[in-house]
Amino acid sequence: MHPYAILNSDTEIKPHYNSAVEMAGLAISFTGLLCTFVIAFFGLIGGPWISLLLSAGLISGGALLYIFGQARGMKPGIHNDGITFSAMQFRGWTGWITAILFTGFYIIIYWFGDWLHNLVAMVEPMSQAIRNAPADHWFLYGLLYTLAILVMGVKFMYKYQHSRYHLIRTATLMFFQLGFAFLLPAILMFFKEPEFYFSYFWPLQFNYLFPNDVHSLVSDPGALGTFMVFWGAVMSFIATPVLTYFYGKRWYCSWVCGCGGLAETFGDPYRHLSDKRLIAWKFERWIVYGVLAIITFTTMLLWASLTLEIGWLSSISGDLAEWYGFYIGAIFAGVIGVGFYPLMGSRVWCRFGCPMAAILGIIQRFYSRFRITTNGGQCISCGNCSAFCEMGIDVRWYAQRQQNIVRASCVGCGICASVCPRGVLKLENGPSDINRAAIQVRKNGIEVAE
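Rules behind the numbers
- Residues numbered from 1 in each chain as written.
- Predicted model: local features only at pLDDT ≥ 70, side-chain atom pairs only at ≥ 80, totals over all residues.
- Heavy atoms only, no water.
- 1 Å grid on protein atoms, 1.4 Å probe; cavity = no way out; pocket = protein on both sides within 12 Å on 5 of 7 lines; lining within 4 Å.
- Points joined across faces, edges and corners; volume = space filled by probe spheres on them.
- Helix = DSSP H or I, 4+ residues; strand = E, 2+ residues; numbered from the N terminus.
- Nonpolar A, V, L, I, M, F, W, Y, C, P; charged D, E, K, R; others polar.
- Expected span 1.5 Å × (residues − 1).
- Buried < 20%, exposed > 50% of the residue type's maximum accessible area, 1.4 Å probe, protein only.
- Contact = heavy atoms within 4.5 Å.
- Patch = residues over 30% accessible without salt bridge, like charges linked within 9 Å, V, L, I, M, F, W, Y side chains within 5 Å.
- Areas by Shrake-Rupley, 256 points an atom, 1.4 Å probe, with all protein chains shown as cover.
- Salt bridge = Lys/Arg side-chain N within 4 Å of Asp/Glu carboxyl O.
- Axes fitted to C-alpha atoms, helices over the stretch in contact; angles between N-to-C directions.
- Left-handed = near helix turned anticlockwise from the far one by under 90°.

**Student:** I'd love a proper account of the layout of surface pockets, names of residues and values included.
**Tutor:** Within this model, the second largest pocket holds a volume of roughly 1,400 Å³. Where the lining of the second largest pocket is concerned, the elements lending two or more residues are helix 3 (93-111), helix 6 (137-159), helix 7 (164-190), helix 8 (211-219), helix 11 (258-265), helix 13 (311-339) and helix 15 (348-352). Looking at the lining of the second largest pocket, its residues break down into 33 nonpolar, eleven polar and five charged.

**Student:** Residue-level account of helix 13, with values.
**Tutor:** Its 29 residues place the ends of helix 13 39 Å apart at the C-alpha level, agreeing with the 42 Å of an ideal helix rising 1.5 Å per residue. Turning to helix 13, its buried residues number three or more, namely Leu313, Ser317, Ala321, Tyr324, Ile328, Ala330, Phe332, Gly334, Val335, Gly337, Val338 and Gly339. Contact partners of the buried residues in helix 13: helix 3, helix 11, helix 12 (278-308), helix 14 (341-344), helix 15 and helix 16 (355-367).

**Student:** Talk me through a nonpolar patch on the surface; I want residue IDs and the actual numbers.
**Tutor:** Judged by side-chain polarity, Met23, Leu26, Phe30, Leu33, Leu34, Phe37, Val38, Phe41 and Phe42 come together as a nonpolar surface patch covering roughly 980 Å² of accessible area. Following the sequence through the fold, Leu34 ends up in helix 1 (residues 20-42). Accessibility expressed as a relative area gives 57% for Leu34, which makes it exposed.

**Student:** Give a description of the packing of helix 12 against helix 13 that names residues and reports values.
**Tutor:** At a minimum axis distance of 9 Å, the contact between helix 12 and helix 13 shows a crossing angle of 150°. Handedness of the helix 12/helix 13 crossing: left-handed. Of the residues in helix 13, those in contact with Ile287, Val291, Ile294, Ile295, Phe297, Thr298, Leu301, Leu302, Ala304, Ser305 and Leu308 of helix 12 are Leu313, Ser314, Ile316, Ser317, Gly318, Leu320, Ala321, Trp323, Tyr324, Ile328 and Phe332. Grouping the constituent residues of the contact of helix 12 with helix 13 by class yields 17 nonpolar, five polar and no charged.

Structure representation (structure tokens):
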């Protein structure tokens, strides 16, 4: 049996043709996409608001109509039928073209933002309304990023509609992105307060503990800037270990983080493309902890240079911070992290580069109460759990041995449990000593008493 098959006996097999509603949704979205290109290259169509409606409005509306057409009449169950035959979802020619377009978009956003001046003009009234400030290409990017999570979040909720866990988790991700990562920073700007993202913490938002940023916030008139520094420090050094102890890294990676939100919603069609090979796991360990070491060293060096006031130390730390922002913050997290979704899966950045995920993973593996328990006697080795693990974990290996899954990289999305046709896997919180025992069994094997 192929691992990508869906095994629920009551799953309805959808017809091979698209419904009229789906076709209408596709037509509307493509019309919106065409309008977007016209606006980008030739200017606004009938003013900013009308252009915004013809561009983002039609794309989002058409996508929602297409999702509704797909979900209409669908019985509960996860429908991943035919993924291996999809050029878009299995590295076919459309997948490659999509990856090139995603990558190109991120390159333009980071280094050629001026090229988007017509699209920026399109969102100028919205920026003035909610930020009381002129629009720029980063505001445009934030709007598109939020729309992607909201629209694809609806699709994700339709797909996993039978699971209350996924419905609540996805709604939470959509809430944090819309409220904490888009509207709240804009409202702060409206009232002339520092732009601050309360859902991102050091070391993911690496500059939040850099001396210049801390000094800028603390020096801001009023107490809000000081509270922002306090909030960031508390979340990084107190709340993060405590919450991870109780709930594993899922509380952040799969419930709060904007990067995880995009991966879980917009990247869901590509989650099965994660590399499951042993060599990928070895690379993962070296790279993700290497990035954590670099940003920790950089932050310490910046504070040391500020304290000691040594010229050459200041120069080195400044260059290192700039290097990190360019190669890790822009190229790795943005261009590769999202641009390569259709080729390497949806968690490239989270798995290989995110220093926040590295810290959470260390706590989860050695001290957390979170684990995925297995009832191996029910496992039929279909491989769905491993195939759809976006972090590349061979879940089936654990299930076949009836071992609890305690892995640093696991983000606790719960998809492995949802696609299991026999209910073998279950996300649980329990005493952390059981997790350590599971790790020890995996290292030493099981001793049988004579």
